[in-house]
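What follows is each chain in one-letter form.
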Amino acid sequence: MKKPILILLRHGQSVWNKKNIFTGWVDIPLTREGINEAIKAGHLIDKIDFSAVYTSDLIRAQMTACLAMSVHSGGRNLAFQHEGDETQKNMQVNDEKNRSGLIPVYKSWHLNERMYGDLQGLNKASAAEEFGQEQVQTWRRSFDIAPPNGESLELTASRTLPYFEQKIVPHLKSGENILVSAHGNSLRSIVYSIEGMSKEDILAFEIPTGVPLAYVYDNGKFVKADLNELNK
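Attention here is on the structure that accompanies the text. (Residues numbered from 1 in each chain as written. Predicted model: local features only at pLDDT ≥ 70, side-chain atom pairs only at ≥ 80, totals over all residues. Heavy atoms only, no water.)

**Section: unusual backbone geometry**
With glycine set apart, most residues show a phi of negative sign, and most peptide bonds adopt trans.
Here comes step 1: One non-glycine residue, asparagine 149, lies in positive phi territory at about 65°.
Here comes step 2: Mapped onto the fold, asparagine 149 is located in the loop between helix H6 (133–141) and helix H7 (153–173). (Helix = DSSP H or I, 4+ residues; strand = E, 2+ residues; numbered from the N terminus.)

Here you go:
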């Protein structure tokens, strides 16, 4: 029996990534390069049979999931779920064949990027001029020091990890493969937990845009895996 697979995918390049602007929770879409990155990522996971997809509430993560899965070889389609929304009851699919051809997508603010507070919308060079390069670097690369009115990585993990454990891990325990399309810091907090990294190591750990990270779930543990071996 194959072990369940977890794919973590940081969204493709966004418009503000390209402009070197602190984005956080500002809902900015992908650039053309980001679109290409998402499609390229999709080809790397196109043979993995996903039972569900999880994204943040932000369009760049949702675009990435849709574009990546648009080239999937399984022929199934994504269907966004609107949990807690009154309109969800009107979205029932009454044909079994069509219902079985869907992959549910669950979106949640718990998987959003780190909220950068007073830095959001500032060019990173401009922020360094306003607050000082050393101070901005401290906010960016400290585990538990947040920018004014924003989140630290520790605070990001405090919302991301409970959601991951309560919503995503149960799928893996049931033997299902899951794709998570999210952000550099929300994914970093998950990697910090599942790989048991130190605070120092996770702060130095970079997740490139549009490059899937692969794990197998083996008897309650996450083991880093070779994507080429999984995508056969």
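**Side note on the sheet that holds strand S3 (residues 77–80)**
Here comes step 1: Spatial strand order, S3-S4-S2-S5-S1-S6-S7: 7 strands in an open sheet with mixed pairing. Edge positions in the open sheet fall to S3 and strand S7 (221–224), since each of these has one partner strand only. Between one strand axis and the next, the sheet turns by 25° as a mean value, whatever way the strands run.
Here comes step 2: Direction of pairing for S3 relative to strand S4 (residues 102–107): parallel, over a ladder of 4 bridges. Each residue of the ladder has a partner; that of leucine 78, found in S4, is isoleucine 103.
Here comes step 3: Packed onto the sheet, helix H8 (residues 184–194) meets strand S1 (5–10), strand S5 (177–182), strand S6 (213–218) and S7 and runs at close to 145° relative to S1. (Pairing = 2+ DSSP bridges. Axes fitted to C-alpha atoms, helices over the stretch in contact; angles between N-to-C directions. Contact = heavy atoms within 4.5 Å.)

**Describing the pairing of S7**
Here comes step 1: Of the strand pairs in this sheet, S6 and S7 are connected by 4 bridges, and their pairing is antiparallel. Paired with valine 216 across the two strands is valine 223, which belongs to S7.
Here comes step 2: Hairpin remark: S6 followed by S7, antiparallel, with 2 residues in the connecting loop; positive phi at asparagine 219, about 55°.

**Describing the pattern of salt bridges**
Pairs can form between side chains of opposite charge whenever their charged atoms are close.
Here comes step 1: Tallying each qualifying case throughout the model produces 8 salt bridges.
Here comes step 2: Salt-bridge contacts for arginine 76 lead to aspartate 49; the nearest nitrogen and oxygen are separated by 3.3 Å. Linking arginine 76 in the loop between helix H3 (59–69) and S3 with aspartate 49 in the loop between helix H2 (32–44) and strand S2 (50–55), this pair joins segments that are 27 residues apart in sequence.
Here comes step 3: Overall, the relative accessible area of 27% leaves arginine 76 in the partly exposed class.
Here comes step 4: Between lysine 224 and glutamate 195 there is a salt bridge whose closest N-O contact spans 3.7 Å. (Salt bridge = Lys/Arg side-chain N within 4 Å of Asp/Glu carboxyl O. Buried < 20%, exposed > 50% of the residue type's maximum accessible area, 1.4 Å probe, protein only.)

**Some points on the side chain of serine 152**
Here comes step 1: Checked against the element boundaries, serine 152 lands in the loop between H6 and H7.
Here comes step 2: Exposure remark for serine 152: the relative accessible area of 2% places this residue in the buried category.
Here comes step 3: Separated by 3.1 Å, the side chain of serine 152 and the backbone nitrogen of leucine 155 make a polar contact.
Here comes step 4: The contacts of serine 152, once residues within four sequence positions are left out, are Arg114, Phe143, Asp144, Ile145 and Ala146. (Polar contact = N/O pair within 3.5 Å; in protein donor to acceptor, adjacent residues only side chain to side chain.)

**Brief notes about the nonpolar core**
Here comes step 1: Membership of the largest hydrophobic core comes to 32 residues, with the highest contact counts inside it found for Leu6, Leu8, Tyr54, Val180, Val191, Ile202 and Phe222.
Here comes step 2: Only S1, S2, H7, S5, H8, helix H9 (199–204) and S6 provide two or more residues apiece to this core.
Here comes step 3: Element by element, the count of residues in this core is highest for H7, at 8 residues.
Here comes step 4: Other than its neighbours up to four places away in sequence, leucine 8 contacts Val180, Leu187, Ile190, Val191, Ile194, Val211, Pro212, Leu213 and Tyr215.
Here comes step 5: Residues Ile48, Phe50, Ala65 and Leu179 belong to the second largest nonpolar core, which totals 18 residues. (Core = buried A, V, L, I, M, F, W, Y, C linked by side-chain atoms within 4.5 Å.)

**With respect to the layout of surface pockets**
Here comes step 1: Roughly 360 Å³ of volume is contained in the largest pocket.
Here comes step 2: The wall of the largest pocket is formed by 20 residues, among which Arg10, Glu113, Tyr116, Lys124 and Asn185 lie closest to the centre.
Here comes step 3: Taken together, the elements giving at least two residues each to the lining of the largest pocket come down to H6 and H8.
Here comes step 4: Considering every element that reaches the lining of the largest pocket, the biggest residue donor is H8, with 3 residues. (1 Å grid on protein atoms, 1.4 Å probe; cavity = no way out; pocket = protein on both sides within 12 Å on 5 of 7 lines; lining within 4 Å. Points joined across faces, edges and corners; volume = space filled by probe spheres on them.)

**Let's talk about the packing of aromatic side chains**
Here comes step 1: All told, the structure shown has 8 aromatic pairs when counted by the stated rule.
Here comes step 2: Residues tryptophan 25 and tryptophan 109 carry aromatic rings whose centres are separated by 6.2 Å and whose planes lie at 50° to one another, so their mutual orientation is tilted. Here tryptophan 109 lies in the loop between S4 and helix H5 (124–131) and tryptophan 25 lies in the loop between helix H1 (15–18) and H2, a separation of 84 residues in the sequence.
Here comes step 3: Tryptophan 25 gets classed as partly exposed once you look at its relative accessible area, which sits at 32%.
Here comes step 4: Considering the side-chain rings of phenylalanine 143 and tyrosine 192, the 5.2 Å spacing of their centres and the 50° angle between planes classify their relative orientation as tilted. With phenylalanine 143 in the loop between H6 and H7 and tyrosine 192 in helix H8, this residue pair connects regions lying 49 residues apart in the sequence. Comparing phenylalanine 143 with tyrosine 192 shows no difference in burial state: the two are buried.
Here comes step 5: Grouped by ring-pair contacts, the aromatic residues Tyr54, Tyr106 and Tyr163 constitute a single cluster. (Phe/Tyr/Trp six-rings, centres within 6.5 Å; stacked < 30°, edge-to-face > 60°.)

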